[in-house]
Amino acid sequence: ELKVEQNPLFLSMQEGKNYTIYCNYSTTSDRLYWYRQDPGKSLESLFVLLSNGAVKQEGRLMASLDTKARLSTLHITAAVHDLSATYFCAVNFMDSNYQLIWGAGTKLIIKP
Amino acid sequence: SAVISQKPSRDICQRGTSLTIQCQVDSQVTMMFWYRQQPGQSLTLIATANQGSEATYESGFVIDKFPISRPNLTFSTLTVSNMSPEDSSIYLCSVPGLLSEQYFGPGTRLTVT
C-alpha cells in the first residue's frame, strides 16, 4: 500500500526554538515535496527533493531526503511566528502518473 | 510555474442542489487534478482529468456525484451534485509541473446547509 506518514501531526513551540518534522513513506520513490498551507488558503510549494541526499534550504526551513531510509525531514531553525502553518509532505511514487500521495499534515503553531 | 484561478472562491449551498466549480490555467496542460480537503484534513484526490478523455475517478468518488468536464487544455469544471452537509469542504484543482510537483488553485470553500 502506498502510504505517507508525517509526525508529529501537531506541534506547538516557542519562537527561537529548533524542531524537525518527519515524513516517512512506504515504498520506492525519489521525488518528495513539501508544501505549506496557511489557514483558509491554498497550498504553496516549498521544496522539491529529487534524489537521495538532496538538501534544500530557504530561510529558516531546511528539507532533506534519504531515499534509502524512505525518510524526509523538514527542519525549522530559530522558529518565528510567521512560520505558523500546516506543512504537508507528498510523494510521487514510481509509475504513479504524476499523482502525489499526501501525508496528513503537521499543524505548526509558534508562540511569540 | 502555472497560474491557476478558481471560481467561485466560496459558496454556501442548500442540501440537494449542485454547484459547478471552474478551474482556469494560464498555460496548456494535459493533466489536471481535482482534490477535496475536509476541515482539518489532508488532501484527497477526487479525479484526474485529461483533455480528450473521460476523467479517472479515485476509489470512493463516482461520476454521477462529481461530474467533470475538460473541454480544452486550459479549463476544467467539477460539479458537486445533490449536495449534503458532508460535502462541505475546500475543493482544489491542480496541475503538474516539470518535476511532478503540483501547482494549486486558490480553492473553493463550499458550505452545505
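Residues numbered from 1 in each chain as written. Chains lettered and ligands numbered in written order. Predicted model: local features only at pLDDT ≥ 70, side-chain atom pairs only at ≥ 80, totals over all residues. Heavy atoms only, no water.

(A) Representation of the state of the cysteines in the model. Enumeration over the complete set of coordinates arrives at two disulfides over all chains. Between the sulfur atoms of A:Cys23 and its disulfide mate A:Cys89 the distance is 2.0 Å. When the S-S torsion is 85 degrees, as for the bridge of A:Cys23 with A:Cys89, the disulfide is right-handed. Here the residue A:Cys23 occupies a position in strand S3 (residues 19-25), and A:Cys89 occupies one in strand S9 (residues 85-91), the gap between them amounting to 66 residues. For A:Cys23, a relative accessible area of 0% translates into the label buried. For A:Cys89, a relative accessible area of 0% corresponds to the buried category. Sulfur of B:Cys13: no disulfide; nearest cysteine sulfur belongs to B:Cys93 and is 17 Å away. The exposure class of B:Cys13 is buried, given its relative accessible area of 9%. (Disulfide = S-S within 2.5 Å. Helix = DSSP H or I, 4+ residues; strand = E, 2+ residues; numbered from the N terminus. Buried < 20%, exposed > 50% of the residue type's maximum accessible area, 1.4 Å probe, protein only.)

(B) Structural detail: the pairing of strand S1 (residues 4-7) of chain A. Residues and elements named next belong to chain A. Of the two faces of S1, only the one carrying Val 4 and Gln 6 is buried; Glu 5 and Asn 7 on the other face are not. Taken together, the four bridges between S1 and S3 define a ladder with antiparallel strand orientation. Its bridge partner being in S3, Asn 7 is matched across the sheet by Tyr 22. (Pairing = 2+ DSSP bridges.)

(C) Spotlight on the sheet that holds S3(A). Residue and element names in this part refer to chain A. The antiparallel open sheet is built from five strands, whose spatial order is S1-S3-S8-S7-S6. Across the chains shown, the open sheet's two edge strands, defined by having one partner strand only, are S1 and strand S6 (55-58). Neighbouring strand axes in the sheet, compared pairwise and without regard to direction, differ in orientation by 15 degrees on average. Two strands pair when backbone bridges link them, and S3 and strand S8 (residues 71-76) are joined in this way by six bridges, in the antiparallel orientation. Each residue of the ladder has a partner; that of Thr 20, found in S8, is His 75. (Axes fitted to C-alpha atoms, helices over the stretch in contact; angles between N-to-C directions.)

(D) Layout of the interface of chain A and chain B. Across the boundary between the two partners, chain A contributes 18 residues, which contact 22 residues of chain B. Taken over both partners, the interface formed by chain A and chain B buries close to 1600 Å², and the fraction arising from carbon and sulfur atoms is 56%. When contributions to the side of chain A that touches chain B are tallied by element, the ones reaching two or more residues are strand S4 (32-37) and strand S5 (43-49) of chain A. (Contact = heavy atoms within 4.5 Å. Buried area = accessible area lost by both parts, 1.4 Å probe.)

(E) Representation of the layout of surface pockets within the structure. There is about 550 Å³ of room inside the largest pocket. Along its surface, the largest pocket is lined by 26 residues, and A:Gln37, A:Thr86, B:Pro39, B:Gly40 and B:Gln41 are the ones closest to its centre. Split by residue class, the lining of the largest pocket holds ten nonpolar, twelve polar and four charged. (1 Å grid on protein atoms, 1.4 Å probe; cavity = no way out; pocket = protein on both sides within 12 Å on 5 of 7 lines; lining within 4 Å. Points joined across faces, edges and corners; volume = space filled by probe spheres on them. Nonpolar A, V, L, I, M, F, W, Y, C, P; charged D, E, K, R; others polar.)

(F) A look at the pattern of salt bridges. Within this structure, the stated rule accounts for two salt bridges over all chains. Its salt-bridge partner being A:Asp38, residue A:Arg36 comes within 2.9 Å of it at the nearest N-O pair. Judged by relative accessible area, which is 26%, A:Asp38 ranks as partly exposed. The salt bridge partner of B:Lys65 is B:Asp87, with a shortest N-O separation of 2.6 Å. Of the two residues, B:Lys65 is situated in the loop between strand S6 (56-57) and strand S7 (68-72) and B:Asp87 in the loop between strand S8 (75-80) and strand S9 (89-96); the sequence distance between them amounts to 22 residues. Relative accessible area serves as the criterion here: at 21%, B:Lys65 is assigned to the partly exposed category. Its relative accessible area of 4% is what places B:Asp87 among the buried residues. (Salt bridge = Lys/Arg side-chain N within 4 Å of Asp/Glu carboxyl O.)

The values reported here are purely geometric and, on their own, carry no functional implication.
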